[in-house]
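Here's the letter readout for the chains.
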Amino acid sequence: QVQLVESGGGLVQAGGSLRLSCAASGRTFSGFVMGWFRQAPGKEREFVGAISRSGANTYYADSVKGRFTSSRDNAKNTVYLQMNSLKPEDTAIYYCAGGLLLPSRARISDEYTYWGQGTQVTVSS
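Summarised in this report is the structure supplied together with it. (Residues numbered from 1 in each chain as written. Predicted model: local features only at pLDDT ≥ 70, side-chain atom pairs only at ≥ 80, totals over all residues. Heavy atoms only, no water.)

The next subject is the overall build of the chain. Tallying secondary structure elements over the chain gives zero helices and eleven strands in all. Starting at the N terminus and walking to the C terminus, you meet the elements of the chain as β-β-β-β-β-β-β-β-β-β-β. For the chain, the C-alpha radius of gyration of 13 Å lies close to 14 Å, the compact-globule estimate for 125 residues. Across the chain, the fraction of contacts at a sequence separation of at least 24, relative to all contacts at a separation of at least 6, is 59%. Total accessible area on the chain is roughly 6,400 Å²; 46% of this is exposed by carbon and sulfur atoms. Across the chain, the centroid of the 13 positively charged side chains sits 6 Å from that of the 9 negatively charged ones. (Helix = DSSP H or I, 4+ residues; strand = E, 2+ residues; numbered from the N terminus. Rg over C-alpha atoms; globule rule 2.2 N^0.38 Å. Contact = heavy atoms within 4.5 Å. Areas by Shrake-Rupley, 256 points an atom, 1.4 Å probe, with all protein chains shown as cover. Lys, Arg positive; Asp, Glu negative; His and termini not counted. Charge placed at Lys NZ, Arg CZ, Asp CG, Glu CD.)

A few words on unusual backbone geometry. Of note in this structure, Asn 77 is not a glycine but carries a positive phi near 50°. Tracing the chain through its elements places Asn 77 in the loop between β7 (68–73) and β8 (78–83). By relative accessible area, Asn 77 is classed as buried at 19%. Although it is not a glycine, Ser 85 sits at a positive phi angle of roughly 50°. (Buried < 20%, exposed > 50% of the residue type's maximum accessible area, 1.4 Å probe, protein only.)

What follows is about the sheet that holds strand β1 (residues 4–7). The strand order across the open sheet built from four strands is β1-β3-β8-β7, with neighbouring strands paired in antiparallel fashion. In this open sheet, the two strands that pair with only one neighbour each are β1 and β7. The sheet shows a mean angle of 15° between the axes of neighbouring strands, taken without regard to direction. Sheet analysis places β1 next to strand β3 (residues 18–24), joined by four bridges and oriented antiparallel. Pairing of Ser 7 across the sheet is with Ser 21, part of β3. (Pairing = 2+ DSSP bridges. Axes fitted to C-alpha atoms, helices over the stretch in contact; angles between N-to-C directions.)

These figures come from the coordinates and say nothing about function on their own.
In structure tokens form, the structure reads like this:
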């Protein structure tokens, strides 16, 4: 069984930055594509970004492209989401997810097997 634990959320002013971390238990982390999703109140969960097994390839939603960057450290079983130039519309609960999926399907939440508990990000205007 794999457990994912996010951290790093909080309250930040518009234009500020936050760095989310997602620590994974288990030995299979390096074999997982890791994704980031978010859900704002009253809205559906949406794809934010994803990173391939090696970290060589990343994928982002248009709404965050150029502002958010995902990276991973397989030696530490941890994936990161650096969020810069935050906007009030980025306010949501952010979830990391992992699974044995094709990178081409990284935007599809149902493709992921493991999910973290989520961390709140609030951006004030």
